[in-house]
Each structure stands twice: as C-alpha cells, then as structure tokens.
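Observations on chain architecture
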Amino acid sequence: MKMKSLIAGGILAAMASTAALPAFAQDSVYVPLFSYRTGPFAGSGIPIANGMSDYLTMLNERDGGINGVRINIEECETGYDTQKGVECYEQVKAKNPLVISPYSTGITLQVIPKAGVDKIPVLSMAYGLSAAAVGDVFPWVFNPPATYWDGASAIVADIARREGGLESLKGKKIGYIYLDAGYGKEPIPLLEDFAKAYGFDLTLYPVPGKEMQNQSSQWLNVRRDRPDYMIMWGWGAMNPTAVKEAIKIRFPMDKFYGVWWSGGNDDAGAGGEDAKGYRTMNFHGVGSDYPVIADIKKYVVDAGKSQVDPAKFADNLYNRGVYNSMLIAEGIRRAQELTGKKVIDATDMRAGLENLNIDEARLKDMGMEGFAGTLKLSCSDHSGHHQVYVVEWDGKDWQKSGEWFSPMTDVVRPMLETAAEEYKAANSPWPERTEPCLSN
C-alpha cells in the first residue's frame, strides 16, 4: 500500500504503512481517499483521484476549509485490489476518519459489515451495494445520487423511450457485457427481473479481470447473437477495449450504452470518430464551464497543487471526482449545522450525510448551478434515486443528449427493500438500527 498526505492542500510526505500517525492541526478533520493511480484500472482511477483531491484542496486554499476547519486529505493506493483496499481501511481507521470512500464495489462489500461496528460511514457514490440505499438496514452506508439498479433502470427506460415505450421492448435482444466481479454482477438481478417483466431477451457477456484487454471472443459472440442494444458495466482498461471491439464488429454505437463508470474521455476516445454515438449515463456536468471548476483551476491547478495533466483537466471522470468530494464536504457542513460543532467526528458525519439537502440555492452558492441536480437524503433513503441524463460521444468529447430524467424509482425501490432484507437474513445476526434520525 502506498499512502500520501495532502495536508493543507500540499503533498507533504509519502507514508509507509508503519509510519506514526500524522500530527493534524486542532481545527481540522481527516478525510482519507482510496485511490488507484497504478495498475490496469489507473486509466479510470487517476482522473477521479485528481478531481476528488483537487476539490477538497480548493476548499482549503480558497476558504480555509469548511467553516474554518481545514481538511486533511490523505490518499491510500489500492490498485483497485480488494485486499489492499481492506488494508487501507484498517490503516486509516486508527486516525479517526470522518468517512471512507472505497472507490471499488469489491472493497465496499468488504467494509460494509465493518462500518457499523467501527462507527465510520461509508460513502460509495453511485456504486457498491445497491440495497445499501435502504438506510433502515444500512445506517452507516450511503450511495447517492443513484444506485447501480437505478442506473440500469435508467438505461432500460431510455431504450424504451427510443423504441416507443416499455411494451415495445418485448422480443428485443439486449446484451450485457460486464467486468466479471462484484461491480459488474451487481445490476444483473435487476436486469433479469426486467427481462421477465418486459419481455426482452437478456444475454450476458462476462469479461474476466485478467482478460479486460482481450475481449475478441465476447464481441465475436455479440456479432453472432446480434443484440438490438448493448449495455456495458466496465471499468479501467475494459472500457476502451470494448469500444474498439464494438467498432471492429461494426456494432451501431448509438445503441451501445455504458453505465456512468464507462464514460471516461479516454474510454470513448479510444475509438475516436468511429465511436461517435456511444452513450453513457451521467449525473454531473461535463467540461469546464462552471464556476466551481474555474475556482479549482485558479486555486489548485494554476497554483501547482494538483497532479492533473492540464490536457485532462475537467474531463468527465475528473468532474466525477469533484462531485464525489462535494458530497463529502456538504456532509461535513451539514453535520456542523446539526451538532453546532466545528470539528465533527464520524458519528456526526453519518448524521450529516443522512440529512443532506442540497437545493438549487446551495448549488448556486457552490458554483455548481447546472453542474449537478438537487439532492436530498433521509433516514430511510441513503441514495435519493435522483435524476440522470445521457451523454453522447461526438467523436471528440461528451455532449449532453436530452434532458435529465428519473430512473424507474417506483419499480426499483421495492426491489431494493427486498434485497436489503435478503442481505440482512444472509448475514444474520445483522444489527438492528439504533442510530437516531436527527433533523434541523
């Protein structure tokens, strides 16, 4: 494991796992960021790590932190490896972190049982266990602004819109190509249920992690099966490889959908002009035309306090990292409001996340008007199942395609509640919720 401290916005030292605990300022809070700047998933991990770190650093540099409390930022390199991620968790928990952002479904699944025991909230932003949206069962886990099941339902809903309605899906063939790991398997139960409910044929194309850059057999099968649409749940090197393979077999790119994690600029860029039409889901702004992004450039990038390649500044996954750290910062701010304390702890942070209510006025205050949608969580709803939209590759960059729309929440939410109870039963004895529902 490689850890590095980005205290007060600057990289101070690389820390070995046996190093002494850092001496943080009294009016500060500790936020570790799990990252993967190395290995086969680095193509996806680097821009996200940069966006996450740069947003929090910007708050330190521009505002002196959050209400006078500076954020001590420390990365822990996981390489997207579950065991290394668990080691990161065990290492950082001794330093009283406010929140853990695993940035891996595999790591998230491992730390979910630990969260309630160690009293450290887990923020798995739009990834992880979809059923964790049910706060009554998972009081220490949060997955806003939407779950994987919301994402899959949104893709199906957009396909149905193009075909003339859900009833028009009957007899259609939809292929699902996915990383053969917890991440890629997560939406399969929903897709299988939808296939039965709406009458489409679902074909699965698993891609082993070691074969991410060798998908020729899967795409030859796609060419043989001739699905009407393809859905991808890819990550790292799998995404650009899949885009290139789809082009090679001449699959119509406007009928190829990726979840939001398959929407990096390098993912579609691997196909260049030939990838034109490739579509992914999104829940934040693309590009640099937002005040918040301008402030990051001014206070962090131009000041030499960022690791981002200037050519990749404000690309789609960089902005994803910015959005993620915004949720962390707003959780801190909300916890301060609820408790009246400046320096909060992890228990306070859990309540802050649970009571997030980011309205249009707050988005404007943050310089995020048009960058993100409103977001509201509650004791029972730790995701919000918020609106998403489609972005489409124009050959050079991502462009918004259509308006924001809601996932199929009325259908998905009851399924999540059932899945939460099934998880609880499978992991018996699962503790009953005792955490109070705070409000202010």
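Residues numbered from 1 in each chain as written. Predicted model: local features only at pLDDT ≥ 70, side-chain atom pairs only at ≥ 80, totals over all residues. Heavy atoms only, no water.

**Looking at the overall build of the protein**
The helix and strand inventory of the protein stands at 14 helices and 15 strands. Against the 2.2 N^0.38 benchmark of 22 Å for 440 residues, the protein shows a C-alpha radius of gyration of 21 Å, consistent with a compact globule. C-alpha extents for the protein along the principal axes are approximately 65 × 50 × 45 Å. Sorting the 440 residues of the protein into buried and exposed places 59% on the buried side. With an accessible surface of roughly 16,600 Å², the protein has 48% of that area assigned to carbon and sulfur atoms. Considering the protein, the positive charge centre built from 45 side chains and the negative charge centre built from 55 side chains are found 3 Å apart. (Helix = DSSP H or I, 4+ residues; strand = E, 2+ residues; numbered from the N terminus. Rg over C-alpha atoms; globule rule 2.2 N^0.38 Å. Buried < 20%, exposed > 50% of the residue type's maximum accessible area, 1.4 Å probe, protein only. Areas by Shrake-Rupley, 256 points an atom, 1.4 Å probe, with all protein chains shown as cover. Lys, Arg positive; Asp, Glu negative; His and termini not counted. Charge placed at Lys NZ, Arg CZ, Asp CG, Glu CD.)

**Brief notes about helix H14 (residues 409-426)**
Between its first and last C-alpha atoms H14 spans 25 Å; for 18 residues at 1.5 Å apiece the expected length is 26 Å, and the two agree. If you check which residues of H14 are buried, you get Val412, Arg413, Met415, Leu416, Ala419, Ala420, Tyr423 and Lys424. Buried residues along H14 sit in contact with helix H3 (105-118), helix H4 (148-163) and helix H6 (188-198). (Expected span 1.5 Å × (residues − 1). Contact = heavy atoms within 4.5 Å.)

**A short note on the state of the cysteines**
Tallied over the full model, the rule gives two disulfides. Covalent S-S linkage joins Cys76 and Cys88, the inter-sulfur distance amounting to 2.0 Å. Its S-S torsion of approximately -85° makes the covalent link between Cys76 and Cys88 left-handed. In this pair, Cys76 sits in strand E4 (residues 70-77) while Cys88 sits in helix H2 (residues 82-92), placing the two residues 12 residues apart along the sequence. Like Cys88, Cys76 is buried. (Disulfide = S-S within 2.5 Å.)

**Remarks on the nonpolar core**
Of all hydrophobic cores here, the largest spans 144 residues; its most connected members are Tyr55, Phe138, Trp233, Phe256, Trp260, Trp261 and Ile296. With 10 residues, helix H11 (residues 316-339) is the single largest residue contributor to this core. (Core = buried A, V, L, I, M, F, W, Y, C linked by side-chain atoms within 4.5 Å.)

**Description of the packing of aromatic side chains**
Working definition: an aromatic ring pair is given by the centre-to-centre distance plus the angle between the planes. Following the criterion strictly, the structure yields 26 aromatic pairs and no others. With a centroid separation of 5.0 Å and 65° between ring planes, the pair formed by Tyr36 and Tyr80 is classed as edge-to-face. Of this pair, Tyr36 sits in the loop between strand E3 (28-35) and helix H1 (42-63) while Tyr80 sits in the loop between E4 and H2, and the two are 44 residues apart along the sequence. Exposure class is identical for Tyr36 and Tyr80. Each is buried. Between the aromatic rings of Trp260 and Phe283, the centroid separation amounts to 5.3 Å while the plane-to-plane angle is 80°, which identifies the pairing as edge-to-face. With Trp260 in the loop between strand E10 (256-258) and helix H9 (265-269) and Phe283 in the loop between strand E11 (279-282) and helix H10 (291-301), this pair connects stretches of sequence that are 23 residues apart. Of the two residues examined, Trp260 and Phe283, each falls in the buried class. Here the aromatic cluster, defined as three or more aromatic residues joined through ring pairs, consists of Tyr36, Phe41, Tyr80, Tyr103, Tyr127, Trp235 and Trp261. The ring of Trp261 carries the charged tip of Arg320 above its face, separated from the ring centre by 4.9 Å. Over the aromatic face of Phe283 sits the side chain of Arg320, whose NZ or CZ is 5.0 Å from the ring centroid. (Phe/Tyr/Trp six-rings, centres within 6.5 Å; stacked < 30°, edge-to-face > 60°. Lys NZ or Arg CZ within 6 Å of the ring centre and 35° of its normal.)

**Structural notes on the layout of surface pockets**
Volume-wise, the largest pocket comes out at about 320 Å³. Lining the largest pocket are 23 residues, and of these Ala42, Gly43, Ser44, Pro47 and Asp266 lie nearest its centre. Among the elements of the structure, H1, helix H8 (238-248) and H9 are those that each provide at least two residues to the lining of the largest pocket. Looking at side-chain class alone, the lining of the largest pocket contains eight nonpolar, nine polar and six charged residues. Mapped onto the domain boundaries, the lining of the largest pocket takes at least three residues apiece from domain 1 (28-146 + 286-387 + 418-426) and domain 2 (149-282). (1 Å grid on protein atoms, 1.4 Å probe; cavity = no way out; pocket = protein on both sides within 12 Å on 5 of 7 lines; lining within 4 Å. Points joined across faces, edges and corners; volume = space filled by probe spheres on them. Nonpolar A, V, L, I, M, F, W, Y, C, P; charged D, E, K, R; others polar. Domains from an automatic or database assignment.)

**So, the domain arrangement of the protein**
As far as domains go, the protein holds domain 1 (28-146 + 286-387 + 418-426) and domain 2 (149-282). Of note, the centres of domain 1 and domain 2, computed from C-alpha atoms alone, are 27 Å apart. Each side of the interface is counted separately: domain 1 has 25 residues, and domain 2 has 18 residues. Taken as a group, Phe41, Ser130 and Arg320 account for 25% of the area that domain 1 buries against domain 2, more than any other trio of residues on that side. Along the contact surface separating domain 1 from domain 2 lie one salt bridge. We note a salt bridge from Asp266 to Lys312, for which the minimum N-O separation is 3.0 Å. Counting across the domain 1 and domain 2 interface gives 14 residue pairs in polar contact (both at pLDDT 80 or more). Contributing elements (two or more residues each) for the side of domain 1 that touches domain 2: H1 and H11. Counting residues per element, the side of domain 1 that touches domain 2 draws most heavily on H11, which supplies three residues. Of the residues that constitute the side of domain 1 that touches domain 2, the class distribution is 15 nonpolar, seven polar and three charged. (Buried area = accessible area lost by both parts, 1.4 Å probe. Salt bridge = Lys/Arg side-chain N within 4 Å of Asp/Glu carboxyl O. Polar contact = N/O pair within 3.5 Å; in protein donor to acceptor, adjacent residues only side chain to side chain.)

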